[in-house]
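Overview (structure and organization)
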Amino acid sequence: MHFSSKAIIFKNNKYLIQLRDNKRSILFPNHWAFFGGRFKKNETPERCLLREIREELLIDIVITMKIFECYNNKTSGYLNYFYAQSINEIKRSNLQEGKDLGWFTKKQMRKLKLADDIKIVFDYLN
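All figures in this text were calculated on a predicted structure; none of them were measured in a lab.

Generally, phi is negative for residues other than glycine and the peptide bonds are trans, each holding for most cases. Positioned with a positive phi, asparagine 30 is a non-glycine residue whose angle comes to about 60°. Considering the arrangement of structural elements, one finds asparagine 30 in the loop between β2 (14-19) and β3 (32-33). A residue is classified by how much of its surface remains accessible, and asparagine 30, at 24% relative accessible area, is partly exposed. One non-glycine residue, leucine 58, adopts positive backbone phi at about 55°. Considering the arrangement of structural elements, one finds leucine 58 in the loop between α1 (45-57) and β5 (61-72).

Shown next as structure tokens:
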């Protein structure tokens, strides 16, 4: 079992998401997902998220609110979801992990190949 934290960064009615690498060794390769990742030993969900966003985007964020946590049967892992705001400007050149990033409305996202983390949030928020 593993524990992960995910950032929901929302601005101008659009969500920031990442196109994951196309590697068989990762969950949901070549799918669009929220930024975030797995806890390291003795790491809190908040610390995990701050570290993961720094590693993946070279930016700092402010966590504004924990939305919810849940268990994902498909991945046998616990997910923690947080609303977050970027302190820095987010550019494609910041991307350190994944193939791409983009800002999408919920309607636009529904047309993409989405990872479970996004589907779970849409189910929860609707």
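This is not the end of the story, as more comes after the structure.
Turning our attention to the nonpolar core. Ile8, Ile17, Phe34, Tyr81, Met109 and Ile118 are the most contacted members of the largest nonpolar core, which totals 17 residues. Of all the elements in the fold, those that place two or more residues in this core are β2, β5, β6 (77-86) and α3 (116-125). Apart from the residues lying within four places of it in its own chain, the contact partners of tyrosine 81 are Lys6, Ile8, Phe34, Met65, Lys66, Ile67, Phe68, Cys70, Asp117, Ile120 and Val121. Counting residues in each nonpolar core, the second largest holds 14 residues, with Leu16, Phe35, Leu49 and Ile59 among its members.

Another aspect to go through is the layout of surface pockets. Each pocket or cavity is described by its volume, and for the largest pocket that value is around 500 Å³. Lining the largest pocket are 24 residues, with Lys6, Arg20, Ile26, Leu27 and Gly36 positioned closest to its centre. Of all the secondary structure elements, the ones that give two or more residues to the lining of the largest pocket are β1 (2-11), β4 (35-38) and α3. Partitioned by chemical class, the residues of the lining of the largest pocket number six nonpolar, nine polar and nine charged. Lining the second largest pocket are Ile9, Phe10, Lys11, Ala84, Gln85, Ser86, Asn88, Glu89, Ile90 and Trp103. Here the residues of the lining of the second largest pocket sort into five nonpolar, three polar and two charged.

Moving on: the pattern of salt bridges. The final tally for this structure, using the stated rule, is seven salt bridges. With its nearest N and O atoms 3.4 Å apart, the salt bridge here joins lysine 6 to aspartate 117. Pair noted here: lysine 6 is in strand β1 and aspartate 117 is in helix α3, with a separation of 111 residues, a long-range link. Assigned by exposure class, lysine 6 and aspartate 117 land together as buried. A salt bridge links arginine 54 to aspartate 60, with the nearest nitrogen and oxygen atoms 3.2 Å apart. Take aspartate 60: its relative accessible area is 34%, and that puts it in the partly exposed class. Residues participating in the shared-partner salt-bridge network are Glu43, Arg51, Glu52 and Glu55.

The next thing to look at is the packing of aromatic side chains. All chains considered together, the criterion is met by eight aromatic pairs. An angle of 10° between the planes, with centres 5.2 Å apart, marks the rings of phenylalanine 3 and tyrosine 78 as stacked. In this pair, phenylalanine 3 is assigned in strand β1 and tyrosine 78 in strand β6, connecting sequence segments 75 residues apart. Given a relative accessible area of 30%, tyrosine 78 falls into the partly exposed group. Arranged with centres 4.7 Å apart and planes meeting at 25°, the rings of phenylalanine 68 and tyrosine 81 form a pair that is stacked. Here phenylalanine 68, found in strand β5, pairs with tyrosine 81, found in strand β6; they are 13 residues apart in sequence, far enough to count as distant. Tyrosine 81 gets classed as buried once you look at its relative accessible area, which sits at 0%.

Definitions and cut-offs
Residues numbered from 1 in each chain as written. Predicted model: local features only at pLDDT ≥ 70, side-chain atom pairs only at ≥ 80, totals over all residues. Heavy atoms only, no water. Helix = DSSP H or I, 4+ residues; strand = E, 2+ residues; numbered from the N terminus. Buried < 20%, exposed > 50% of the residue type's maximum accessible area, 1.4 Å probe, protein only. Core = buried A, V, L, I, M, F, W, Y, C linked by side-chain atoms within 4.5 Å. Contact = heavy atoms within 4.5 Å. 1 Å grid on protein atoms, 1.4 Å probe; cavity = no way out; pocket = protein on both sides within 12 Å on 5 of 7 lines; lining within 4 Å. Points joined across faces, edges and corners; volume = space filled by probe spheres on them. Nonpolar A, V, L, I, M, F, W, Y, C, P; charged D, E, K, R; others polar. Salt bridge = Lys/Arg side-chain N within 4 Å of Asp/Glu carboxyl O. Phe/Tyr/Trp six-rings, centres within 6.5 Å; stacked < 30°, edge-to-face > 60°.

Distances and angles like these do not, on their own, reveal function.
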